[in-house]
Amino acid sequence: QDITLHQGYQKMHVTILTVGSRGDVQPFVALGLGLKASGYSVRLATHGIFRELVEGRGLDFHPIEGNPKEILFSQHGQRTLRSGRNTLRFMRRAAKAFEPVLAQLAEDCWLACQKTDAIIFTPFSFFGYDLAKKLSIPAIATCLQPAIRTRHFPSPAFPQGLKLGRTYNWLTHTVSEYGFWHVVQPYLNRWRKEKLELPAISVWRDVERRQAPIIHGYSSCVLPKPPDWGERGHVTGFWYLERESEWEAPVELVRFLEDGPPAVYIGFGSMPVPDDIGRIVAEALNESRQRGVIVSGWGGLGKVENLTNIYVADHVPFDWLFPRVAAVVHHGGVGTTAEGLRSGRPTVVCPLAGDQPFWGELVSGLNAGPKPIPMHKLTAKKLARAIGAAVNDETIRNSALSLGEKLREENGCANAVEIIHQQLSA
């Protein structure tokens, strides 16, 4: 990537804190590589399950407590995913799911940030801001979704199609913020007092925290920066992690892709999927008369067997696979959405929870795919109809191609690195 080398910052050490599934970690590996190429020393602190992903790219790794796969598939994790778009319920259940590891997670972040010069943190590693205060070093907030109030569109936690006016839009962001801080503030204050020896705070009165700049790792081609963000909000473009140069595609997969018309990618990443999802996918492909490449993910979609029209894989780099398929079907995680759109392929989103419905609605609103189908409403007929539209609708195909061309011209990591450099130089 085209990264500017900032002379004089070769010895500046930056620690990135991020927690969650692979989609919450992989973009920050890309950002870390961009910072490293620009002359910074980088440590990425995240769950142990991602050690190979981080160290394999040459970044310093520090483990953070918690196995996101175990948490997602736990009873509390399952209940969290069933919260739908009830923001307060989702936040409460997510906190309950992480409660057993929160104390150690915070301790691990404290250890990760020792002897560092700056901290980059995400919404769910929010204590990075407080660690930076204790250590008297800069803190830089980042987010892969819109994280600042605006009157121009609703919060990602609310449906995007409701045109209820600017006041409504503003209130949805206020409610989302309240839901988050209502859940985490008691724990945050207890941790500030007991571990950091800092006074308790009211986040609503912490003007500096609430007015701090935020760097957003998505594209303005997908969602333009609203004018009422001013200089506080930065939208850089997506942060793509390119595949390793030595990776080679399995011969059987190459043969399958070449031995017929373009296939359709289907995969739901880290999400726990219904037990009958394999049957639904197989029937949908048959009904739509499409061939499919299925990537199993954590949810075990690989229970589908290899058939004449289906190839099943454990993992394939999206930047290699997606340009070779006719359409992509997935859960709507920001990382998979970004890769699908960059490839110029129509996207079918089947969201479960969190920000996934938000990305599905944006994709549909851009005519880069049909309307999203919530996972709990997914049937073989609905999926077959959506796949047929993605593959055959000329308007959708052309819109996806045009958007892909624009996204391939962006360099989100380079833009983010330059903003980070400016903030650390101020």
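Residues numbered from 1 in each chain as written. Predicted model: local features only at pLDDT ≥ 70, side-chain atom pairs only at ≥ 80, totals over all residues. Heavy atoms only, no water.

Engineer: Can you break down the packing of aromatic side chains residue by residue, with the values?
Structural biologist: For the structure shown, the criterion picks out 16 aromatic pairs. On the basis of an interplanar angle of 55° and a centroid distance of 6.3 Å, the ring pair of Phe-238 and Trp-359 is categorised as tilted. Of this pair, Phe-238 sits in the loop between β7 (233–235) and α10 (251–258) while Trp-359 is found in helix α14 (residues 356–365), placing the two residues 121 residues apart along the sequence. There is no split in this pair, since Phe-238 and Trp-359 are both buried. Among the aromatic residues, those joined into a ring-pair cluster are Phe-124, Phe-126, Phe-127, Phe-180, Trp-181 and Trp-191. The positively charged end of Arg-151 is found above the aromatic ring belonging to Trp-170, 4.2 Å away from the centroid. Seen from the ring of Tyr-240, Arg-342 lies directly overhead, with NZ or CZ sitting 3.8 Å from the centre. (Phe/Tyr/Trp six-rings, centres within 6.5 Å; stacked < 30°, edge-to-face > 60°. Helix = DSSP H or I, 4+ residues; strand = E, 2+ residues; numbered from the N terminus. Buried < 20%, exposed > 50% of the residue type's maximum accessible area, 1.4 Å probe, protein only. Lys NZ or Arg CZ within 6 Å of the ring centre and 35° of its normal.)

Engineer: Outline the sheet that holds strand β3 (residues 60–64), listing residues and values.
Structural biologist: Pairing within the open sheet is parallel, and its 7 strands lie in the order β3-β2-β1-β4-β5-β6-β7. The sheet terminates laterally at β3 and β7, the two strands that pair on one side only. Taken over all neighbouring pairs, the strand axes of this sheet differ in orientation by 25° on average, direction set aside. In this sheet, β7 lies alongside strand β6 (residues 214–216) in parallel orientation, the contact comprising 3 bridges. Residue Ile-214 lies in a different strand from β7, and its bridge partner there is Gly-233. (Pairing = 2+ DSSP bridges. Axes fitted to C-alpha atoms, helices over the stretch in contact; angles between N-to-C directions.)

Engineer: Can you lay out the sheet that holds strand β8 (residues 264–266) for me, pointing to particular residues and giving the numbers?
Structural biologist: If you walk across this open sheet you meet the 5 strands as β10-β9-β8-β11-β12, and the pairing is parallel. At either end of the open sheet lies a strand with only one pairing partner, and these are β10 (310–313) and β12 (347–349). Sheet twist, expressed as the average angle between the axes of neighbouring strands with direction ignored, equals 15°. Pairing of β8 with strand β11 (residues 327–330), which is carried by 3 bridges, proceeds in the parallel orientation. In the sheet register, Ile-266 faces β11, and the bridge partner there is Val-329.

Engineer: Explain the environment of Val-316 residue by residue, including any values.
Structural biologist: Residue position: Val-316 is located in the loop between β10 and α12 (318–321). When the C-alpha positions of Val-316 and Val-295 are compared, they lie 7.3 Å apart, and in sequence the two are 21 residues distant. Residue contacts for Val-316: discarding those within four places in its chain leaves Trp-247, Leu-253, Val-295 and Leu-321. (Contact = heavy atoms within 4.5 Å.)

Engineer: Run through the nonpolar core, naming residues and quoting values.
Structural biologist: Of all hydrophobic cores here, the largest spans 80 residues; its most connected members are Leu-35, Leu-131, Phe-238 and Trp-239. Once you skip the residues sitting within four places of it in the chain, Leu-131 turns out to touch Leu-17, Cys-109, Trp-110, Cys-113, Ile-119, Trp-191 and Leu-196. Within the second largest apolar cluster, 30 residues are counted, among which are Ile-277, Ala-327, Ala-384 and Ala-386. (Core = buried A, V, L, I, M, F, W, Y, C linked by side-chain atoms within 4.5 Å.)

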